Amino acid sequence: MMSPSYQSLVKKLQRANTLGSVIGLMGWDEQVNLPSGSGKRRAEQMAILAELYHNLATDASIEPLLQELEATELTSDEQVVVRHARKEYDRLTKLPAAFVTEKAVLESQAYHAWAEAREKSDFTHFAPYLEKQLKMANEEAAFLGYQQNAYDYHIDRHDPGMTSAAIEGLFSELKKDLIPLVRQILDSPIKARIDFFKGFPVESQESFLKEVTTRLGFDYTRGRIDVALHPFCAGDAADTRMTTRFHEDNPLDSLFSSVHETGHGLYEQGLLVEALGTALGEAVGMGIHESQSRLWENQVARGKAFWKYHEPKLRESFPSQLEGVTSDDLYLAINAVTLNPIRVDSDEVTYNLHIILRFELEKRLFSQELKVADLPNAWKELSKEIVGLTPEKDAEGVLQDVHWSGGAFGYFPSYCLGNMIGAQLWYTALEALPNLESDFAQGDFSRLLKWLRSNIHCHGKRYDTGELVKKVTGAEISPAYLIRYLKERYLPLYCG
Ligand code: ZN
């Protein structure tokens, strides 16, 4: 029997969460619909909403409720909810309201400055905003007691329990095996043909990707997909908003970014709707979120079994465009490996090198080894060393990603962490579900989704990142599974 105090706490958490979902919707609208001249008005709207949210989430009546519940015997579900409510309440009450409002205004302004800077490939236009974001990121960490290691605070916010040192350990182990593997694949005389990706009408692309994402299990009665500059997935279990983008000469970009966002969307839709607003209805963190998107995008949708079913459908949708293209050509194009300066256009093999680059730069920005003004040059030098190329202009280098404009530092490592965890979950699922890939060849993905629902999605925040991985796979997070997967998929294709 739930105590009145527990019910009262949950009600307060849910009210704040519902208002938070409105803020999320406004953020989605800003990237999908907002007219270019309306940014200032939106910044004002967001600032007021952020202030109201802060007031609800930091309501003084929450503290005595938490204290009372912490001294009471609770069920394990209640313990999870109270533990996370305490963590979040402490985080929010230590941030002054004026700081929160200022940050919300900055986020909106910095986003528009970044978009303009990227269009003109002019870093100096964005630099003052990045400087300010970095300053506020350090201040925020200090408010929360991280005076010395601000970067760790931001990493922990995205992946509970992770630190800069832990990530450095995983990345250096990964780098050791990955760089030679990338070289081996790039040195292969076998190159993917992508010249046939010309004139794929946007409307047909859109209906093909709707079919694919529906088949994977995305529920369009409580979610949608729209067009934005940068693909993302927002919302929650009750209303999940995905975005993609279309190019007539690059149909795989919209398809795979949609499948990726569908992986995020399936996780959100798999969280318990009735637990919305509490930790039991929320994702663990970004690393686990990314493991879901990567698993569906890479292990599933770039695999032979997936295409056994979908290739005929693709040919039906684009008969003239794919005339004379063999199945082998198509499969190699889907698994093309090339060096690209743009992270989001990179294949899953070289992608991780882009993340290691960003992690190195963020680490140096926070330790003040690197100044914002020197960032474009540092990017170019380090890109040459780690990724293996130098971007020609800042729009293809330091200005390519939206994250820093929103003050999202410590976020990039989650992508690579997600790749590692995704591969680790994949091998666990293959063992648990015999002949899984023969289902895929029939267009049936339900067994995998069900397994993810009951092993990952249904738990909400019950376990931290590392704990959940250990519980499901029986092992600590390790780059070994990702390396194994990349070798098994790419060496037969390129170095057969
Ligand atoms: Zn993602």
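Residues numbered from 1 in each chain as written. Predicted model: local features only at pLDDT ≥ 70, side-chain atom pairs only at ≥ 80, totals over all residues. Heavy atoms only, no water.

1. A word on the overall build of the protein
Thinking step 1. Per the secondary structure count, the protein includes 20 helices and three strands.
Thinking step 2. Here the C-alpha radius of gyration of the protein, 23 Å, is about what a compact globule of 496 residues would show, namely 23 Å.
Thinking step 3. Along the three orthogonal principal directions, the C-alpha set of the protein runs to about 70 × 55 × 45 Å.
Thinking step 4. Taken across its 496 residues, the protein has 56% of its residues classed as buried.
Thinking step 5. Excluding contacts between residues fewer than 6 apart, the proportion of contacts in the protein whose partners are at least 24 apart in sequence is 73%.
Thinking step 6. Accessible surface, the protein: about 21200 Å² in total, of which carbon and sulfur atoms supply 51%. (Helix = DSSP H or I, 4+ residues; strand = E, 2+ residues; numbered from the N terminus. Rg over C-alpha atoms; globule rule 2.2 N^0.38 Å. Buried < 20%, exposed > 50% of the residue type's maximum accessible area, 1.4 Å probe, protein only. Contact = heavy atoms within 4.5 Å. Areas by Shrake-Rupley, 256 points an atom, 1.4 Å probe, with all protein chains shown as cover.)

2. Describing the sheet that holds strand β2 (residues 233-236)
Thinking step 1. Strand order in the open sheet made by the three strands is β1-β3-β2, with mixed pairing throughout. Taken across any chain shown, the strands that pair with only one partner, and hence form the sheet edges, are β1 (223-227) and β2. On average, each strand axis in the sheet is inclined to that of its neighbour by 15 degrees, with strand direction left out of account.
Thinking step 2. The sheet contact formed by β2 and strand β3 (residues 239-244) spans four bridges and is antiparallel. (Pairing = 2+ DSSP bridges. Axes fitted to C-alpha atoms, helices over the stretch in contact; angles between N-to-C directions.)

3. Some thoughts on the pattern of salt bridges
Thinking step 1. Scanning all chains against the criterion turns up 37 salt bridges.
Thinking step 2. Of the charged contacts in the structure, one is a salt bridge between Glu44 and Arg41, with a shortest N-O distance of 2.8 Å. Remark: Arg41 and Glu44 occur in helix α2 (residues 39-57); sequence separation between them is three residues, near one turn of the helix.
Thinking step 3. Between Asp394 and Lys380 there is a salt bridge, and its shortest N-O distance comes to 3.7 Å. With Asp394 in the loop between α15 (375-386) and α16 (412-432) and Lys380 in helix α15, this pair connects stretches of sequence that are 14 residues apart.
Thinking step 4. Classification of Asp394 as buried rests on a relative accessible area of 15%.
Thinking step 5. Here the residues in one salt-bridge network are Glu88, Arg91, Lys103, Glu107, Glu140 and Arg157, joined through shared partners. (Salt bridge = Lys/Arg side-chain N within 4 Å of Asp/Glu carboxyl O.)

4. Topic: the domain arrangement of the protein
Thinking step 1. Partitioning the protein into structural domains gives domain 1 (4-146) and domain 2 (164-494).
Thinking step 2. Each of domain 1 and domain 2 has a C-alpha centre, and these two points are 26 Å apart.
Thinking step 3. Residue-level contacts link 32 residues of domain 1 with 36 residues of domain 2.
Thinking step 4. For the pair domain 1 and domain 2, the summed buried surface comes to about 3200 Å²; carbon and sulfur atoms form 66% of the total.
Thinking step 5. When the area that domain 1 buries against domain 2 is broken down by residue, the three leading residues are Trp28, Arg118 and Phe123, summing to 21%. (Domains from an automatic or database assignment. Buried area = accessible area lost by both parts, 1.4 Å probe.)

5. Observations concerning the packing of aromatic side chains
Thinking step 1. This model, assessed by the stated rule, comprises 23 aromatic pairs.
Thinking step 2. On the numbers, 6.2 Å between centres and 85 degrees between planes, the contact of Trp379 with Trp404 is edge-to-face. Placement of Trp379 in helix α15 and of Trp404 in the loop between α15 and α16 is noted, with a sequence separation of 25 residues between them. Each member of the pair, Trp379 as well as Trp404, carries the same accessibility label: buried. (Phe/Tyr/Trp six-rings, centres within 6.5 Å; stacked < 30°, edge-to-face > 60°.)

6. Describing the side chain of Gln400
Thinking step 1. Of note, Gln400 is situated in the loop between α15 and α16.
Thinking step 2. On the accessibility criterion, Gln400 (4% relative accessible area) is buried.
Thinking step 3. A distance of 3.0 Å separates a polar side-chain atom of Gln400 from the backbone oxygen of Pro341.
Thinking step 4. Not counting chain neighbours up to four residues away, the residues in contact with Gln400 comprise Trp114, Arg118, Pro341, Ile342, Arg343, Arg358, Trp379, Asp394 and Ala395. (Polar contact = N/O pair within 3.5 Å; in protein donor to acceptor, adjacent residues only side chain to side chain.)

7. What about the environment of Glu396?
Thinking step 1. Along the polypeptide, Glu396 turns up in the loop between α15 and α16.
Thinking step 2. Its relative accessible area of 26% is what places Glu396 among the partly exposed residues.
Thinking step 3. Separated by 54 residues in the primary sequence, Glu396 and Ile342 place their C-alpha atoms 6.0 Å from one another.
Thinking step 4. Non-local contacts of Glu396, meaning those with residues more than four positions away in its chain, are made with Pro341, Ile342 and Pro391.

8. What to know about helix α3 (residues 62-70)
Thinking step 1. What α3 keeps buried is the set Ile62, Leu65, Leu66 and Leu69. Buried positions in α3, seen along its axis, are confined to an arc of 100 degrees and lie on one side of it.
Thinking step 2. The inward-facing, buried residues of α3 contact α1 (4-32), α2 and α4 (76-93). (Arc of directions from axis to C-beta.)

9. Points about the pairing of β3
Put simply, side chains in a regular strand alternate between the two faces of the sheet.
Thinking step 1. With five of its six residues buried, β3 lies for the most part within the structure.
Thinking step 2. Between β2 and β3, which follow one another and run antiparallel, lie two residues.

10. Some words on the environment of Ser21
Thinking step 1. The topology assignment puts Ser21 in helix α1.
Thinking step 2. Along the backbone, Ser21 and Thr75 are 54 residues apart, and their C-alpha atoms lie at a distance of 28 Å.

11. Quick notes on unusual backbone geometry
Thinking step 1. With a phi angle near 50 degrees, Ser121 is a residue other than glycine that sits in the positive phi range.
Thinking step 2. Structurally, the position occupied by Ser121 is in the loop between α5 (97-120) and α6 (123-143).
Thinking step 3. By relative accessible area, which is 23% here, Ser121 ends up partly exposed.
Thinking step 4. Here the phi dihedral of Asn435 falls at roughly 55 degrees; this positive angle occurs in a residue that is not glycine.
Thinking step 5. You can call Asn435 exposed: its relative accessible area is 59%.

12. Focus on the packing of helix α14 (residues 351-366) against α16
Thinking step 1. As a packed pair, α14 and α16 sit with axes 8 Å apart at the nearest point and diverge in direction by 145 degrees. In the packing of α14 onto α16, the handedness of the crossing is left-handed. Residues Tyr351, Asn352, Ile355, Arg358, Phe359 and Glu362 of α14 form the contact with α16, whose own contacting residues are Phe412, Pro413, Tyr415, Cys416 and Asn419.
Thinking step 2. Split into classes, the residues belonging to the contact of α14 with α16 amount to seven nonpolar, two polar and two charged. (Left-handed = near helix turned anticlockwise from the far one by under 90°. Nonpolar A, V, L, I, M, F, W, Y, C, P; charged D, E, K, R; others polar.)

13. Quick word on the side chain of Glu30
Thinking step 1. Within the secondary structure layout, Glu30 lies in helix α1.
Thinking step 2. Notably, Glu30 is buried but unbridged: the nearest opposite-charge side chain belongs to Arg42, and the N-O separation is 5.0 Å.
Thinking step 3. A distance of 3.2 Å separates a polar atom in the side chain of Glu30 from a polar atom in the side chain of Ser108.
Thinking step 4. Ignoring anything within four residues of it in the chain, the contact list for Glu30 reads Arg42, Met46, Ser108, Tyr111 and His112. (Lys, Arg positive; Asp, Glu negative; His and termini not counted.)

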